[in-house]
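Summary of structural features
Listed below are the residues making up each chain.
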Amino acid sequence: MTFWAFQVLNGVSFGMLLFLLAAGLSLIYGVMRILNLAHGSYYVLGAYVALSVVRATESLLLAAAAGTAVVTAVGIFMERVLLRRLPRGEELPQALLTFGILLIVGDVSLWIWGGTPQTLPRPEILSQSVRLGPIVFPSYRLFVIGAGLAAGIGLWALQERTRLGAMVRAAIDDAEIARATGIDVSRLSTAVFALGAALAALGGIIGGPLLGVYPGADFEILLLAFVVVIIGGLGSLKGAFVGALLVGLLDNFGKALFPEFALFTIFAPMALILAVRPTGLFGARP
Amino acid sequence: MTRLGAAAGVVALSLLPLALTSYQLGLLTKMLIFGVFAMSLNLILGYAGLPSLGHAAYFGVGAYTVGLLAVKVVDHFWLDAAAGLLAAALTAALFGLLALRAHGSYLLMITLALSQVLWGIAFGWRWLTGGDDGLPGVPRPAAGLPFSLADGLRFYYLVLVVFALTAAALHVVVRSPFGRALVGIRENERRMEVLGYDTWLYKYVAFVLAGVVAGLAGVLFVYYNGFVSPVYLSIVFSATALIMVILGGAGTLLGPALGSAVIVFLENVISAHTERWLLVLGLIYVALTLFAPEGLLGLVARWTGRRAS
Amino acid sequence: MDGTARVVSALAVEGLTRDFGGLRALDRVTLAAAPGERVVILGPNGAGKTTLFNLVTGLIAPTAGRISLLGRDVTRLAPHRRARLGLGRTFQITTLFPRLDVLESVLLAVQGADGARFTLHRPVSAFPHLRERARALLDEWGLAGRAHVPTRQLSYGEQRQVELILALAGRPRVLLLDEPTAGLSPAETAAVAAMIRRFPRDLTLLLIEHDMDVALDLADRVVVLHQGRVLAGGTPDEVRKDARVAEIYLGVDDARG
């Protein structure tokens, strides 16, 4: 019993990290029809920058802020300077450009921070374990779950309750009509891209103490984020949340129960969704 | 490319070894093998308009199947090569069923994810594949010919023959009604459906065909290299194939082969001076998509067009 | 046709309904076209006309109702199967092959109705009858001089004409034309209308049109859609005089016919 409860909480906490990534990825695609492969870079770059800052200043708060700021700046640069120059409506050039950034950031990170896996330190107050009924659970993981839920609620409120959210929803439905009704799609695009980048950076920073950061982590997390949006549907916040929980749990249980076949526990549901609903559980019409 | 041009090209490639060192010949062999790989991707990307980030899957399956059989089971060229092609075909047949109901970015993600599953197997099942260390010790094929193919020159000619036959076969397919239909599907799939074409079926057949040819390249490669590792199932390798196609010119028959020659050459030169090959590759991606989306052949066409007008 | 025998409609829809989330775009629409009949579908924007065409073509699935083509139930058939049974269609927004030239485009359309279309191992040039038919079509409809022009470089009027030729290439028995004269100048409109008048008389036509003169001139019968439902139907004269139609579609001041 305790084993299962532990695994479920572990899976949920991992799922929340995935949600931070998938939400940004999904949002960027929904508004701008860009599949941002550099999202994996945002994750590791956030973690690496935070690592350097915390080593220099001993302040995790400052590190988190710095990591997020740097990555957000990279995201804004990518959107305004690079992606804007590409022809609209063609998805492959955009994917390739963002993939180029993925390679560049990955190699530069290897150059600067080296190839040894590193972990971010946990904050003092969250280093204890907490007793939840019969199980003892690291409080940091609870923090991660809380952070993910907070982000989810925040994003949902933003989407449903605010003017910005209304504009995003309109742009997701139809960018042309949104533009016609006076929405500054250009500024909106930059804002959305920045938000997505920031979320991914936070994912890397919050996940740093748990998963560490190492060469190749960008590809691994990107792949999982893809599986999440394939299952949940590109462009849907609900889909990102449900998909992330599912993938987080499946990945965790897969690694715990059948480590040799861990990839298949994710692959099988993904294949099922592809066969039954190719655009995901909550995805937009094809 | 006219028949005369093609013949001249084959003759040139046949004579070229006389001027090259054995190291350079090895490089040229690699260029031709990757040329076959890139041409296979071009069939679905350039002609049918299907963006795939997982084409390495079929290359890797072909390579690993031959490698595993040759090293662990029986070293018999025709048997092993046929098994490699069959494995690649079956993989493409399976993956095609899963991927082809999707379009655009979904297709990119799905092909990537599917190929990553295979990468994960190659990486994780050390007992089978040697994991990250790879699978060494694949001998040059003893193809039942009166001479050995272990010699670099002879192996080069084998590869050249396969390359030329593949190019010729693709040339026929691309100009067939099937091939023209693929182009129509790329330009406007909905229109094609309404004109009576079962577009999914066309895409599927093209996908499996491309997978088999990619597997062929993989088979050749593992014999050439004597060694295979998960790198050849990785996203970076799939994306490198994409860059080769786009660099050379998607939708032209030999453009991808040109692109592969350029990339193999660049990698060789740059890796000799720095470890930052991936950084350079990334910069090439960014530069290519921003400044030369039609590839080198497209650039040339634009310049000559400008001078003519 | 023997007047007492039951004539099989060329195209018939029964109770056709389509919902998009909470919006009912088409509500229990029933209509039929006899072989060779020219039926014009009128209605303001959002009335469901293009949705009707998309359902009949098979690009979207109905929420309820049936569709039959030449006596055969095609409600569940894929678009390409309906095309093979003799259904052709043009689109309101020109859907051509941007980078292909006119001849190549028509060639694809001709090929679509031919068994040769699956051939992998022989070039298209090995089937000269395809090219000949493509050229014949271009000659017949006056576009032979533009054969090698990429379709995206054609004038809008020419593009609409190519759109029509593509639909005719497969020798359809039933043809759906979605606003063929939309966005055309008066001269171009007249040219397209003349083209439609020259279509084989046994070809059944369903036409969505906004240009009232063209519509009422070509029509044997008119069906008016409004908010997803059939509002009125009849001969052009009857519809012209129908007060309900005048009110919602033509504008209040046109009721005088």
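Scroll up a little and you will see the structure.
If you're wondering where the values come from, they're calculated on a predicted model, not measured in any experiment.

What to know about the overall build of chain A
- Across its full length, chain A carries 11 helices and 2 strands.
- A compact globule built from 286 residues should have a C-alpha radius of gyration of about 19 Å, and chain A, at 19 Å, falls within 12% of that.
- Summarising its shape, the C-alpha atoms of chain A cover approximately 55 × 45 × 35 Å along the three principal directions.
- Across the 286 residues in chain A, those meeting the buried criterion constitute 54%.

Some thoughts on the interface of chain A and chain B
- Facing 36 residues of chain A, the contacting portion of chain B comprises 32 residues.
- Listing elements by their share of the side of chain A that touches chain B, those giving two or more residues are helix 4 (91-113), helix 9 (217-232) and helix 11 (262-276) of chain A.
- The dominant element in the side of chain A that touches chain B, judged by the number of residues it contributes, is helix 4 of chain A, at 15 residues.
- Partitioned by chemical class, the residues of the side of chain A that touches chain B number 29 nonpolar, 3 polar and 4 charged.

Digging into the sheet that holds strand 4 (residues 64-69) of chain C
All names here are of chain C.
- Pairing in this open sheet of 4 strands is antiparallel, and the strands run 2-1-4-5 from one edge to the other. The strands lining the two open edges of the sheet, one partner per strand, are strand 2 (23-33) and strand 5 (72-73).
- In this structure, strand 1 (residues 11-20) lies alongside strand 2, joined through 7 bridges in antiparallel fashion. Considered in strand 2, the bridge of Ala12 is made with Ala32.

Examining helix 10 (residues 237-257) of chain A
- Between its terminal C-alpha atoms helix 10 of chain A stretches 30 Å, which fits the 30 Å expected from 21 residues at 1.5 Å a residue.
- Of all 21 residues in helix 10 of chain A, 15 are buried, a share of seventy percent or more.

Remarks on the sheet that holds strand 7 (residues 174-178) of chain C
Residues and elements named next belong to chain C.
- Read across the open sheet, the 6 strands follow the order 6-7-8-3-9-10; overall the sheet is mixed. Each edge of the open sheet carries a strand with a single partner, namely strand 6 (87-90) and strand 10 (229-234). Here the average twist between neighbouring strands, direction ignored, is 15 degrees.
- In this sheet, strand 10 lies alongside strand 9 (residues 221-226) in antiparallel orientation, the contact comprising 5 bridges. Bridging across to strand 10, His226 finds its partner in Arg229.

Here's the deal with helix 4 (residues 128-140) of chain C
Residues and elements named next belong to chain C.
- Counted at 1.5 Å a residue, the expected span for helix 4 with its 13 residues is 18 Å, and the 18 Å between its end C-alpha atoms agrees.
- Among the residues of helix 4, those classed as buried are Leu130, Ala134 and Leu137. One side of helix 4 holds all its buried residues, which, seen down the axis, span an arc of 60 degrees. For helix 4, the exposed residues lying more than 90 degrees away from the buried face are Pro128, His129, Glu132 and Asp139.
- Each element contacted by the buried residues of helix 4 is listed here: helix 3 (102-112) and helix 5 (156-169).

Thresholds applied
- Residues numbered from 1 in each chain as written.
- Chains lettered and ligands numbered in written order.
- Predicted model: local features only at pLDDT ≥ 70, side-chain atom pairs only at ≥ 80, totals over all residues.
- Helix = DSSP H or I, 4+ residues; strand = E, 2+ residues; numbered from the N terminus.
- Rg over C-alpha atoms; globule rule 2.2 N^0.38 Å.
- Buried ≥ 20, exposed ≤ 12 C-beta atoms within 10 Å, placed from the backbone.
- Contact = placed C-beta atoms within 7 Å.
- Nonpolar A, V, L, I, M, F, W, Y, C, P; charged D, E, K, R; others polar.
- Pairing = 2+ DSSP bridges.
- Expected span 1.5 Å × (residues − 1).
- Axes fitted to C-alpha atoms, helices over the stretch in contact; angles between N-to-C directions.
- Arc of directions from axis to C-beta.

Bear in mind that shape data such as this cannot, by itself, settle questions of function.
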